[in-house]
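Listed below are the residues making up each chain.
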Amino acid sequence: MSTMWMYAQDSGHTYGQSLVGFTVEAADGGIGHVDRQQDQLGMQHLVVDTGVWKFGRSVLIPAGAVLAVDVRTQTVKVAPSREEIKAAPRFTTDSETGDPDYLSAVGDYYLSLRSAPLR
(Lines give C-alpha, C1' and ligand atoms only; values in the text may rest on other atoms or scores of the structure.)
Protein backbone atom coordinates (compact mmCIF):
# COMPACT_ATOMS: atom_id res chain seq x y z
CA MET A 1 0.00 0.00 0.00
CA SER A 2 1.09 3.57 -0.58
CA THR A 3 1.63 6.45 1.81
CA MET A 4 -2.02 7.30 1.13
CA TRP A 5 -2.80 4.75 3.87
CA MET A 6 -0.64 6.40 6.55
CA TYR A 7 -1.02 9.67 8.46
CA ALA A 8 1.58 12.30 7.60
CA GLN A 9 4.06 12.84 10.42
CA ASP A 10 2.96 16.47 10.76
CA SER A 11 -0.79 15.70 10.82
CA GLY A 12 -1.07 15.75 14.60
CA HIS A 13 -2.24 12.13 14.73
CA THR A 14 -0.49 9.77 17.11
CA TYR A 15 -0.59 6.01 16.65
CA GLY A 16 -3.39 4.42 18.67
CA GLN A 17 -5.27 7.72 19.09
CA SER A 18 -9.03 7.34 18.73
CA LEU A 19 -10.65 9.81 16.38
CA VAL A 20 -14.13 8.31 16.72
CA GLY A 21 -16.64 11.11 17.17
CA PHE A 22 -14.34 13.81 15.78
CA THR A 23 -15.86 16.22 13.26
CA VAL A 24 -14.41 15.94 9.73
CA GLU A 25 -13.97 19.13 7.71
CA ALA A 26 -12.84 19.86 4.17
CA ALA A 27 -11.67 23.35 3.20
CA ASP A 28 -15.14 24.02 1.79
CA GLY A 29 -17.21 22.76 4.70
CA GLY A 30 -18.13 19.98 7.07
CA ILE A 31 -18.42 16.40 5.93
CA GLY A 32 -19.60 14.53 9.01
CA HIS A 33 -18.01 12.71 11.92
CA VAL A 34 -15.66 9.76 12.32
CA ASP A 35 -17.77 6.67 12.90
CA ARG A 36 -14.97 4.07 12.77
CA GLN A 37 -11.27 3.98 12.05
CA GLN A 38 -8.60 1.49 11.09
CA ASP A 39 -5.24 2.12 12.70
CA GLN A 40 -3.34 -0.87 11.28
CA LEU A 41 -0.11 0.51 9.86
CA GLY A 42 -0.24 0.71 6.08
CA MET A 43 -4.05 0.51 6.04
CA GLN A 44 -5.03 3.50 8.18
CA HIS A 45 -8.31 5.12 7.24
CA LEU A 46 -11.44 6.73 8.59
CA VAL A 47 -15.04 5.73 7.97
CA VAL A 48 -16.98 8.97 8.10
CA ASP A 49 -20.72 9.13 8.71
CA THR A 50 -21.89 11.95 6.46
CA GLY A 51 -25.32 12.22 8.05
CA VAL A 52 -27.78 14.14 5.89
CA TRP A 53 -24.97 15.70 3.80
CA LYS A 54 -24.77 12.66 1.54
CA PHE A 55 -28.10 10.98 2.22
CA GLY A 56 -26.85 9.25 5.33
CA ARG A 57 -24.04 7.34 3.63
CA SER A 58 -20.61 6.69 4.99
CA VAL A 59 -17.40 7.43 3.11
CA LEU A 60 -13.95 5.91 3.49
CA ILE A 61 -11.12 8.43 3.67
CA PRO A 62 -7.50 7.21 3.64
CA ALA A 63 -5.27 8.59 6.40
CA GLY A 64 -3.03 10.22 3.79
CA ALA A 65 -5.86 12.65 2.97
CA VAL A 66 -5.82 13.97 6.56
CA LEU A 67 -4.13 17.36 6.87
CA ALA A 68 -4.53 17.94 10.59
CA VAL A 69 -5.96 16.45 13.75
CA ASP A 70 -6.94 18.95 16.43
CA VAL A 71 -7.54 17.11 19.70
CA ARG A 72 -8.66 20.29 21.49
CA THR A 73 -11.55 20.94 19.07
CA GLN A 74 -11.97 17.26 18.15
CA THR A 75 -11.67 18.08 14.47
CA VAL A 76 -10.03 16.26 11.57
CA LYS A 77 -9.22 18.43 8.55
CA VAL A 78 -8.92 16.69 5.19
CA ALA A 79 -7.41 17.88 1.89
CA PRO A 80 -10.12 16.84 -0.60
CA SER A 81 -13.15 19.07 -1.15
CA ARG A 82 -16.67 17.94 -0.38
CA GLU A 83 -17.32 17.31 -4.09
CA GLU A 84 -14.13 15.26 -4.43
CA ILE A 85 -15.16 13.12 -1.48
CA LYS A 86 -18.64 12.67 -2.97
CA ALA A 87 -17.01 11.45 -6.20
CA ALA A 88 -14.78 8.89 -4.44
CA PRO A 89 -15.43 5.16 -4.94
CA ARG A 90 -18.59 4.37 -3.04
CA PHE A 91 -18.26 2.73 0.39
CA THR A 92 -21.09 0.33 1.12
CA THR A 93 -19.94 -2.26 3.64
CA ASP A 94 -17.20 -2.83 6.20
CA SER A 95 -16.02 -5.92 4.32
CA GLU A 96 -14.65 -3.54 1.66
CA THR A 97 -12.03 -2.33 4.13
CA GLY A 98 -10.31 -5.69 3.70
CA ASP A 99 -10.77 -5.92 -0.07
CA PRO A 100 -7.44 -5.16 -1.82
CA ASP A 101 -9.19 -4.19 -5.09
CA TYR A 102 -11.50 -1.71 -3.37
CA LEU A 103 -8.68 -0.23 -1.28
CA SER A 104 -6.52 0.07 -4.39
CA ALA A 105 -9.31 1.95 -6.21
CA VAL A 106 -9.82 4.29 -3.27
CA GLY A 107 -6.09 4.90 -2.84
CA ASP A 108 -5.62 5.55 -6.58
CA TYR A 109 -8.54 8.00 -6.56
CA TYR A 110 -7.20 10.05 -3.65
CA LEU A 111 -3.64 9.94 -5.07
CA SER A 112 -4.99 11.32 -8.36
CA LEU A 113 -6.35 14.33 -6.47
CA ARG A 114 -2.84 15.18 -5.28
CA SER A 115 -1.55 15.37 -8.83
CA ALA A 116 -4.58 17.12 -10.33
CA PRO A 117 -3.85 20.54 -11.84
CA LEU A 118 -4.97 23.57 -9.86
CA ARG A 119 -8.26 25.02 -11.04
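What counts and how
Counting starts from 1 at the beginning of each chain's written sequence and moves along it residue by residue. Totals for whole chains, interfaces and linings use every residue, but because this is a predicted model, local features are given only for residues with pLDDT of at least 70 and side-chain atom pairs only at 80 or more, for both listing and counting. Computation of side-chain values: all heavy atoms of the structure, hydrogens and water removed. Two strands qualify as a pair provided that DSSP identifies no fewer than 2 bridges between them. A run of DSSP states H or I qualifies as a helix once it reaches four residues; a run of E qualifies as a strand once it reaches two. Both are numbered from the N-terminal end. Comment: axis = line fitted to C-alpha atoms, over the contacting stretch for helices; angle = value between 0 and 180 degrees taken between N-to-C directions. Just to be clear on terms, a salt bridge is a Lys or Arg side-chain nitrogen sitting within 4 Å of an Asp or Glu carboxyl oxygen. When a residue's accessible area, from a 1.4 Å probe over protein chains only, is under 20% of the maximum for its type it is buried; when over 50% it is exposed; and in between it is partly exposed.

What should I look at first to understand the sheet that holds strand β4 (residues 58–62) in this one?
Two strands in a sheet stick together by hydrogen bonds in their backbones, pointing the same way (parallel) or opposite ways (antiparallel). Read across the open sheet, the six strands follow the order β4-β3-β2-β1-β6-β5; overall the sheet is mixed. Of all strands in the sheet, those with a lone pairing partner are β4 and β5 (66–70), marking the two edges. The average undirected angle you get between the axes of adjacent strands in this sheet is 35°. Both β5 and strand β6 (residues 75–78) contribute to a ladder of four bridges, which runs antiparallel. Paired with Asp70 across the two strands is Thr75, which belongs to β6.

Please clarify how the pattern of salt bridges should be interpreted in this entry.
Pairing of side chains with opposite charge becomes possible as their charged atoms draw close. Under the definition given, this model contains four salt bridges. A salt bridge links Glu25 to Lys77, with the nearest nitrogen and oxygen atoms 3.1 Å apart. Separated by 52 residues along the polypeptide, Glu25 in strand β1 (residues 23–26) and Lys77 in strand β6 bring together distant segments of the chain. Exposure remark for Glu25: the relative accessible area of 28% places this residue in the partly exposed category. Close ionic contact of Glu83 with Lys86 constitutes a salt bridge, the shortest N to O distance being 3.6 Å. With Glu83 and Lys86 both in helix α1 (residues 82–86), this residue pair falls three residues apart, about one helical turn. For Lys86, a relative accessible area of 32% translates into the label partly exposed. One network of salt bridges, in which partners are shared, links Asp35, Arg36 and Asp94.

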